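Analysis of the macromolecular model
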Amino acid sequence: MPLLVAGSVALDTIETPHDTRENVLGGSAVYFAYAASYFTPVRLVGVVGEDWPAEHTALLQSRNIDTAGLEVLAGTKTFRWRGRYLDNMNDRETIDVQLNAMGQFNPVLPDAFKRCRFLFLANGSTKLQLKVLDQCPGATLAVADTMDLWIRTERDELSALLQRIDGLVLNDSEAKMLTGENNLVRAGNRVREMGPKFVVIKKGEHGAMFFSRHETYVLPAYPTAEVIDPTGAGDSFAGGMMGYLAERGDFEPKTLKEAMAYGILVASFTVEDFSLERLKKIRREDLSVRMEEYRKMLTF
Ligand code: AMP
């Protein structure tokens with residue numbers, strides 16, 4: 001089943017304690033779409049400027065990602081983000097954000113996109129997320145991501161969004177910020193009370209927690225010794241998770257748990273190199289092999 005994603009399409013500059021990469025392919029919707037493309041056809045909604053290299057669009061298209069919703073806005077530059085990782089390779093600081101084309105984006109979805117039943121609103125302005133959601137009235141599963149910037153600056157819009165979506169994916173510090181709770185279990189349940197039927201809290205190298213009315217559980221991260229660049233781990237987690245749900249066409253509790261595991265495994269590959277470099281080299285079979293190891297690891 002096709003999966004729609006809307007979010008940032010970016011040129012990132014990444015500084016790690018060991019290396020720096022300038023203007024590499026990134027953005028929440030890009031990581032998400034690539035990760036989901038192992039499981040299902042993807043429809044991408046986003047915006048770029050005139051400086052956007054055509055080869056990036058070609059790469060996405062080569063993965064069965066429909067780019068009819070990727071607008072090139074004349075007279076603008078692509079969204080840019082510059083981040084620096086601390087020595088622990090888990091915490092990072094944003095050095096610079098230039099919204100550029102994203103700041104002027106008014107998404108108008110192609111008709112075929114509006115009929116998608118599985119929808120992911122990747123990290124980006126909450127106002128934009130609402131505009132996309134408005135255009136997809138038939139969605140049966142709408143899930144969103146958010147981050148500290150939008151929790152601070154678009155709080156009212158976020159409260160409205162939470163009333164309208166089925167699931168929210170966010171990281172641990174954002175869940176604490178949104179709820180004012182320091183305990184993650186309480187924070188997860190508080191977010192759920194704000195509207196979504198399920199909440200996923202990403203905990204970086206410690207995996208992810210799931211909250212619904214019926215169950216709460218934690219899945220560990222896949223243990224990776226080689227962490228080169230954690231950028232996009234959260235987005236590719238969400239892409240793996242939603243991609244698997246769209247492939248299966250349901251979101252029963254068992255499917256959701258398997259989907260979480262696939263998300264964790266795609267993210268474990270993403271962090272093994274900069275940008276999409278590692279994902280470009282793996283195939284669905286590599287995910288299946290890692291899934292076997294992951295299942296063994298969790299059986300005792
Ligand atoms: P992640 O590491 O999964 O949190 O996502 C990193 C990606 O998010 C990078 O490729 C950035 O381009 C993108 N990003 C950073 N800040 C923002 C923002 N304020 N809105 C949307 N996307 C962002």
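One can find the structure itself at the top, above this paragraph.
My aim in this report is to walk through the structure given alongside it, one point at a time. (Residues numbered from 1 in each chain as written. Predicted model: local features only at pLDDT ≥ 70, side-chain atom pairs only at ≥ 80, totals over all residues. Heavy atoms only, no water.)

1. Some thoughts on the overall build of the protein chain
For the protein chain, the helix and strand inventory stands at twelve helices and 13 strands. Compactness check: the protein chain gives a C-alpha radius of gyration of 18 Å against a globular reference of 19 Å for 300 residues, within 12% of the reference. For the protein chain, the spread of C-alpha atoms along the principal axes amounts to about 55 × 45 × 35 Å. Across the protein chain, the fraction of contacts at a sequence separation of at least 24, relative to all contacts at a separation of at least 6, is 64%. (Helix = DSSP H or I, 4+ residues; strand = E, 2+ residues; numbered from the N terminus. Rg over C-alpha atoms; globule rule 2.2 N^0.38 Å. Contact = heavy atoms within 4.5 Å.)

2. Things to note about the sheet that holds strand E10 (residues 167–171)
Taken together, nine strands build an open sheet; the order of strands is E5-E4-E1-E8-E9-E10-E11-E12-E13 and the sheet is mixed. Edge strands, defined here as strands with exactly one partner in the open sheet, are strand E5 (65–72) and strand E13 (216–219). Going from strand to strand, the sheet's axes swing by 15° on average, the running direction of each strand aside. In the sheet, strand E4 (residues 42–48) pairs with E5 via six bridges, with the strands oriented parallel. Note that in E5 the partner of Val-48 across the bridge is Val-72. With respect to the sheet, helix H10 (residues 253–270) is in contact with strand E11 (198–202), strand E12 (208–211) and E13, its orientation differing from that of E13 by roughly 30°. (Pairing = 2+ DSSP bridges. Axes fitted to C-alpha atoms, helices over the stretch in contact; angles between N-to-C directions.)

3. What about the side chain of Arg-192?
Following the sequence through the fold, Arg-192 ends up in helix H8 (residues 184–193). No salt bridge is formed by the buried Arg-192; the nearest opposite charge belongs to Glu-193, separated by 5.1 Å. Aside from chain neighbours lying at most four places away, what touches Arg-192 is Lys-197, Val-199, Phe-211, Ser-212 and Arg-213. (Buried < 20%, exposed > 50% of the residue type's maximum accessible area, 1.4 Å probe, protein only. Lys, Arg positive; Asp, Glu negative; His and termini not counted. Salt bridge = Lys/Arg side-chain N within 4 Å of Asp/Glu carboxyl O.)

4. Focus: the site of the ligand
Lining the immediate surroundings of the ligand are 19 residues, of which Ser-8, Asp-12, Gly-27, Gly-232 and Asp-235 lie closest. Between the ligand and the protein, one listed contact pairs a nitrogen atom with a side-chain N or O atom of Ser-8 at 2.8 Å. A distance of 2.9 Å separates an oxygen atom of the ligand from a polar atom in the side chain of Arg-92. Listed by contribution, the elements that provide at least two residues to the shell around the ligand are strand E2 (10–15), strand E6 (79–85), helix H5 (148–153) and helix H9 (233–248). (Near = heavy atom within 4 Å. Polar contact = N/O pair within 3.5 Å; in protein donor to acceptor, adjacent residues only side chain to side chain.)

5. What about the layout of surface pockets?
Its boundaries defined by the atoms lining it, the second largest pocket holds a volume of some 280 Å³. Lys-197, Phe-198, Ser-212, His-214 and Leu-256 are the residues nearest the centre of the second largest pocket, which is lined by 13 residues in total. Partitioned by chemical class, the residues of the lining of the second largest pocket number six nonpolar, two polar and five charged. (1 Å grid on protein atoms, 1.4 Å probe; cavity = no way out; pocket = protein on both sides within 12 Å on 5 of 7 lines; lining within 4 Å. Points joined across faces, edges and corners; volume = space filled by probe spheres on them. Nonpolar A, V, L, I, M, F, W, Y, C, P; charged D, E, K, R; others polar.)

6. A few points about the packing of H9 against H10
In contact at an axis separation of 7 Å, H9 and H10 are set at 140° when each is read in the N-to-C sense. It follows that H9 is oblique to H10 by the angle criterion. Two packed elements cross with a definite hand, and for H9 against H10 that hand is right-handed. Counted together, Ala-233, Ser-236, Phe-237, Gly-240, Met-241, Tyr-244, Leu-245 and Arg-248 of H9 and Thr-255, Leu-256, Glu-258, Ala-259, Met-260, Tyr-262, Gly-263, Ile-264, Val-266, Ala-267 and Thr-270 of H10 form the full contact between these two elements. Across the contact of H9 with H10, the residue classes break down as twelve nonpolar, five polar and two charged. (Parallel < 35°, antiparallel > 145°, perpendicular 65-115°, else oblique. Left-handed = near helix turned anticlockwise from the far one by under 90°.)

7. Focus: the packing of helix H7 (residues 172–179) against H8
Packed helix pairs are characterised by how far apart their axes lie and by the angle those axes make with each other. Running from N to C, H7 and H8 cross one another at 65°; their axes reach a closest spacing of 9 Å. The chirality of how H7 crosses H8 is left-handed. Across the interface between the two elements, Asp-172, Ala-175, Lys-176, Leu-178 and Thr-179 of H7 pack against Leu-184, Ala-187, Arg-190 and Val-191 of H8. Partitioning the contact of H7 with H8 into residue classes produces five nonpolar, one polar and three charged.

8. Here we look at H8
Turning to H8, its buried residues are Leu-184, Ala-187, Gly-188, Val-191 and Arg-192. Within H8, the buried residues cover an arc of 140° as seen down the axis, which keeps them to one side. The secondary structure elements touched by the buried residues of H8 are E10, H7, E11 and E12. Capping the start of H8, Asn-183 holds a side-chain oxygen 2.8 Å from the backbone nitrogen of Val-185, two or three residues further along. Immediately beyond the C-terminal end of H8, within one or two residues, lies Gly-195, with a positive phi of roughly 150°. (Arc of directions from axis to C-beta.)

9. Things to note about helix H2 (residues 54–61)
Considered for burial, the residues of H2 that qualify are His-56, Thr-57, Leu-59 and Leu-60. Seen along its axis, H2 keeps its buried residues to an arc of 155°; they face one direction. In this structure, H2 carries Ala-54 and Glu-55 as exposed residues pointing more than 90 degrees from its buried face. Buried positions along H2 lie against E2, strand E3 (20–26), helix H1 (28–36), E4, E5 and helix H11 (277–281).

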